[in-house]
Amino acid sequence: MNWKQDTDYVEIVKDLLADESVKKLKKYTQHHFSNRLDHSIYVSYMSYLIAKRLGADYVATARAGLLHDLFYYDWRVTKFKEGSHAYVHPRIALANAKKITTISKKEEDIIVKHMFGATIAPPKYIESWIVSVVDDFAAVHEYLIPELLFTYFRINIKLENKKRKNILKKHYNFNIK
């Protein structure tokens, strides 16, 4: 099911999706092949579905999942003296989230601990673990898989004929020269 068709999910996050601070995430690249808003919605919705299935707090999971990357800089360029991007950006996201909505202790933990593995403080709640794991999966899904496909097609395109190139262009929007 598409998240837009899931009326229960949309009801939970509609106030956040309507906020300009969240909409602005569309302007920022995330994992090279996606934007930060689409990434955040993906993490939020997949986490929501898992939390709901497990009987966990799917409302906090959906809302904090949507806000987990609420920051406005290119993490590949911007550096902080306070620490790595993995450490700093969840705290920036939390501060930004608190400007637009009330954040519970559980939602705070979800946002701040979503980088567990790259940071050392473990999540306190099952909902935090869910968002952390889904975020990791999303990073692979949004970066590694497209990068591998691009690399595969770039390497193998030299071996393929004109007809094959036209199929790739037509069906996969690959513009092969």
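Refer to the preceding data block for the structure.
To start, this report covers the structure provided alongside it. (Residues numbered from 1 in each chain as written. Predicted model: local features only at pLDDT ≥ 70, side-chain atom pairs only at ≥ 80, totals over all residues. Heavy atoms only, no water.)

### Observations regarding the environment of Ile126
As for its placement among the helices and strands, Ile126 is situated in helix H7 (residues 126-156). Sequence separation of Ile126 and Thr61 is 65 residues, and the distance between their C-alpha atoms is 9.5 Å. (Helix = DSSP H or I, 4+ residues; strand = E, 2+ residues; numbered from the N terminus.)

### What to know about the side chain of Ser47
Along the polypeptide, Ser47 turns up in helix H3 (residues 36-54). Ignoring any residue separated from it by four or fewer positions in sequence, one finds Ser47 in contact with Thr61, Ile130, Val131 and Val134. (Contact = heavy atoms within 4.5 Å.)

### Things to note about the packing of aromatic side chains
Under the criterion given, the structure shown has five aromatic pairs. Consider the rings of Tyr48 and Tyr58, whose centres lie 5.7 Å apart with planes at 80°: the pair is edge-to-face. Here Tyr58 lies in helix H4 (residues 58-67) and Tyr48 lies in helix H3, a separation of ten residues in the sequence. On the basis of relative accessibility, which here comes to 0%, the residue Tyr48 falls in the buried class. Ring pairs connect the aromatic residues Trp3, Tyr9, Tyr45, Tyr48 and Tyr58, which therefore count as one cluster. Geometry around Phe71 places Arg36 over its ring, the cationic atom sitting 3.8 Å from the centre. (Phe/Tyr/Trp six-rings, centres within 6.5 Å; stacked < 30°, edge-to-face > 60°. Buried < 20%, exposed > 50% of the residue type's maximum accessible area, 1.4 Å probe, protein only. Lys NZ or Arg CZ within 6 Å of the ring centre and 35° of its normal.)

### Some details on the pattern of salt bridges
Applying the stated criterion across every chain, the model contains nine salt bridges. For Lys52, the salt bridge is made with Asp8, and the minimal N-O distance between the two is 3.5 Å. In this pair, Lys52 is assigned in helix H3 and Asp8 in helix H1 (residues 7-17), connecting sequence segments 44 residues apart. A relative accessible area of 35% means that Lys52 is categorised as partly exposed. The salt bridge partner of Asp38 is Lys26, with a shortest N-O separation of 3.6 Å. Note that Asp38 is positioned in helix H3 and Lys26 in the loop between helix H2 (20-23) and strand S1 (29-30), a separation of twelve residues in sequence. On the basis of relative accessible area, Lys26 is assigned to the partly exposed category, the value being 47%. Three or more residues are tied together by salt bridges with common partners; here these are Asp57, Lys106 and Glu127. (Salt bridge = Lys/Arg side-chain N within 4 Å of Asp/Glu carboxyl O.)

### A few points about the nonpolar core
Core analysis: the largest hydrophobic core is formed by 31 residues, its most contacted members being Tyr9, Val13, Leu67, Leu70 and Ile111. Looking at this core, the elements with two or more residues in it are H1, H3, H4, helix H5 (85-100), helix H6 (105-112) and H7. Broken down by element, the residue count for this core peaks at six residues, all from H3. (Core = buried A, V, L, I, M, F, W, Y, C linked by side-chain atoms within 4.5 Å.)

### Quick notes on a nonpolar patch on the surface
On the surface, a nonpolar cluster with roughly 380 Å² of combined accessible area is contributed by Ile50, Leu54, Ile126 and Trp129. Elements that contribute at least two residues to the nonpolar patch include exactly H3 and H7. Mapped onto the elements, Leu54 comes out in helix H3. Residue classification places Leu54 among the exposed residues on the basis of a relative accessible area of 56%. (Patch = residues over 30% accessible without salt bridge, like charges linked within 9 Å, V, L, I, M, F, W, Y side chains within 5 Å. Areas by Shrake-Rupley, 256 points an atom, 1.4 Å probe, with all protein chains shown as cover.)

### Regarding the packing of H4 against H6
Here H4 crosses H6 at 40°, and the two axes come no closer than 9 Å. Taken together, the axes of H4 and H6 are oblique relative to one another. For the crossing formed where H4 meets H6, the hand is right-handed. Only Lys106, Glu107, Ile110 and Ile111 of H6 make contact with H4, whose side of the interface consists of Ala60, Thr61, Arg63, Ala64, Gly65 and Leu67. Residues belonging to the contact of H4 with H6 are distributed by class as follows: five nonpolar, two polar and three charged. (Axes fitted to C-alpha atoms, helices over the stretch in contact; angles between N-to-C directions. Parallel < 35°, antiparallel > 145°, perpendicular 65-115°, else oblique. Left-handed = near helix turned anticlockwise from the far one by under 90°. Nonpolar A, V, L, I, M, F, W, Y, C, P; charged D, E, K, R; others polar.)

These figures capture arrangement, not role.
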